[in-house]
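The lines below spell out each chain.
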Amino acid sequence: MASTSPAKIYLGSKKRVLETGDTPPAKIQKSMSRSSRLNNDSALNAAKVHPFFAKPAKPVETGPFRWESPFGATKSCLHGVNLEPKSSTKVAALDLDGTVIVQSFNGVDFRWWNKCVPGKLAELSKEGYSIVFFSNQAGLKSDLTRDKWKKKVGSIAAALPDVPFRIFAALKKDKYRKPDVGMWEELETLFAADNVEIDKSASFFVGDAAGRPKTAKREKDFHDSDKEWAAAVGIPFFTPEEYFLGEPSESKS
Ligand SMILES: [Mg+2]
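Residues numbered from 1 in each chain as written. Predicted model: local features only at pLDDT ≥ 70, side-chain atom pairs only at ≥ 80, totals over all residues. Heavy atoms only, no water.

What follows covers the overall build of the chain. For the chain, the count of helices and strands is eight helices and nine strands. Within the span of the chain, comprising 253 residues, buried residues form 40% of the whole. Within the chain, counting contacts between residues at least 6 apart in sequence, those at least 24 apart form 66% of the total. A total accessible area of about 14600 Å² is found for the chain, and carbon and sulfur atoms account for 53% of it. (Helix = DSSP H or I, 4+ residues; strand = E, 2+ residues; numbered from the N terminus. Buried < 20%, exposed > 50% of the residue type's maximum accessible area, 1.4 Å probe, protein only. Contact = heavy atoms within 4.5 Å. Areas by Shrake-Rupley, 256 points an atom, 1.4 Å probe, with all protein chains shown as cover.)

This is the structure in structure tokens:
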């Protein structure tokens, strides 16, 4: 049997070493304990590539989610759309990492920040809010990491089949990056094309970058850019703990 990386099998107290494909001499086979023989078999099997892993990965099911043309002279603001979102006067704006999903730096998989999040988003949608995610993603510097991230957003969309939403992502440190308000201005322009003026007092923003100090339960916030962004836009601000879990306010200093 051919193998690029031979599995070495140690035969108990005999201190003999076999390479993958070797048959232990009869004398040694007889002296092998039952568990040694089993280990020998499983080690040899593990050295083969199981056909399941050799197959190409199944494409991620993204559902009716699409990426529109990016905004900005350097296309630094990505714009994605799930289903057919209506332009509403009230906007439920949310940060993504650390707010809607647990922050992660690679991979297509994602985890909700809390299990209540998808239900809450569906509820907001039913109540007539336009749901819009605003995310700083200047860390996505290569095409590879950007493509992975885009796939992850597709997976999030597929997990929200009843929630039309938009997502904006600022790829550079320019006017689109929170706390600058470029992403919000693009939303206002889109809504204005539908003759909808956003009612800021009926809208709100949820984000984890709130400048909170370290507590027993949580590390210090890495930034206050979400809180600053909501103030610059002029809409009420909540942390994910306040909004999703109903915890008392600690961000309204
Ligand atoms: Mg965040």
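Now that the structure has been shown, the text picks up again.
In this section: the coordination of the magnesium ion. The magnesium ion binds to the protein through Asp95 (OD), Asp97 (O) and Asp208 (OD), with metal-donor distances spanning 2.2 Å. Positions of the donor residues of the magnesium ion, expressed as sequence spacing, correspond to D-x1-D-x110-D. Here Asp95 is found in the loop between β5 (91-94) and α4 (117-126), whereas its partner Asp208 is found in the loop between β8 (204-206) and α7 (225-233), with 113 residues between them in sequence. Given the relative accessible area of 6%, Asp95 is considered buried. (Donors = N, O, S within 2.8 Å, 3.2 Å for Na, K, Ca; no water.)

Looking now at unusual backbone geometry. Pro179 follows Lys178 through a cis peptide bond whose omega is 10°. Even without a glycine there, the phi angle at Lys75 is positive, about 55°. With respect to the helices and strands, the residue Lys75 is situated in the loop between β3 (65-67) and β4 (77-82). A relative accessible area of 54% means that Lys75 is categorised as exposed. Phi is positive for Leu83, which is not a glycine, with a value near 60°. Mapped onto the elements, Leu83 comes out in the loop between β4 and β5.

Here we take up the side chain of Asp97. For Asp97, the position within the fold is in the loop between β5 and α4. Although Asp97 is buried, it makes no salt bridge; Lys152 carries the closest opposite charge, 4.5 Å away. Of note is the side chain of Asp97, whose polar atom sits 3.0 Å from the side chain of Gln137. (Lys, Arg positive; Asp, Glu negative; His and termini not counted. Salt bridge = Lys/Arg side-chain N within 4 Å of Asp/Glu carboxyl O. Polar contact = N/O pair within 3.5 Å; in protein donor to acceptor, adjacent residues only side chain to side chain.)

In this section: α7. One turn of the α-helix equals 3.6 residues, which is why residues spaced by three or four share an orientation. Residues of α7 that are buried: Ser225, Asp226, Lys227, Trp229, Ala230 and Val233. Where α7 is buried, its residues contact β6 (130-136), α6 (182-193), β8 and β9 (237-238). Two residues or fewer after α7 comes Gly234, characterised by a positive phi angle close to 95°.

Looking now at the pairing of β4. Burial runs high along β4: six of the six residues are buried. Side chains of β4 alternate between two faces, with Cys77, His79 and Val81 and Leu78, Gly80 and Asn82 buried alike. Where β4 meets strand β7 (residues 165-170), six bridges bridge the pair, whose relative direction is antiparallel. From the neighbouring strand, Asn82 faces β7, where its bridge partner is Phe165. (Pairing = 2+ DSSP bridges.)

Considering the arrangement of structural elements, one finds Arg218 in the loop between β8 and α7. Within the structure, the side chain of Arg218 is placed 3.3 Å from the backbone oxygen of Pro213, a separation counted as a polar contact. With near-sequence residues (within four places) excluded, Arg218 lies in contact with Arg212, Pro213, Glu241 and Glu250.

So, about the environment of Thr74. Mapped onto the secondary structure, Thr74 falls in the loop between β3 and β4. When its relative accessible area of 47% is taken as the criterion, Thr74 is described as partly exposed. Along the sequence, Thr74 and Leu171 sit 97 residues apart, while their C-alpha atoms lie 9.8 Å from each other. Setting aside chain neighbours within four positions, we find Thr74 in contact with Lys172 and Asp174. In terms of polar contacts, Thr74 uses its side chain to reach the side chain of Lys172, at 3.4 Å.

A word on the sheet that holds β7. Taken together, seven strands build an open sheet; the order of strands is β3-β4-β7-β6-β5-β8-β9 and the sheet is mixed. With partners counted over all chains shown, the strands left at the sheet margins are β3 and β9, one partner each. Running at roughly 150° to β3, helix α5 (residues 143-158) makes contact with β3, β4, β6 and β7 of the sheet. Those strands touched by α6 are β4, β5, β6 and β7, and its axis lies near 145° from that of β7. (Axes fitted to C-alpha atoms, helices over the stretch in contact; angles between N-to-C directions.)

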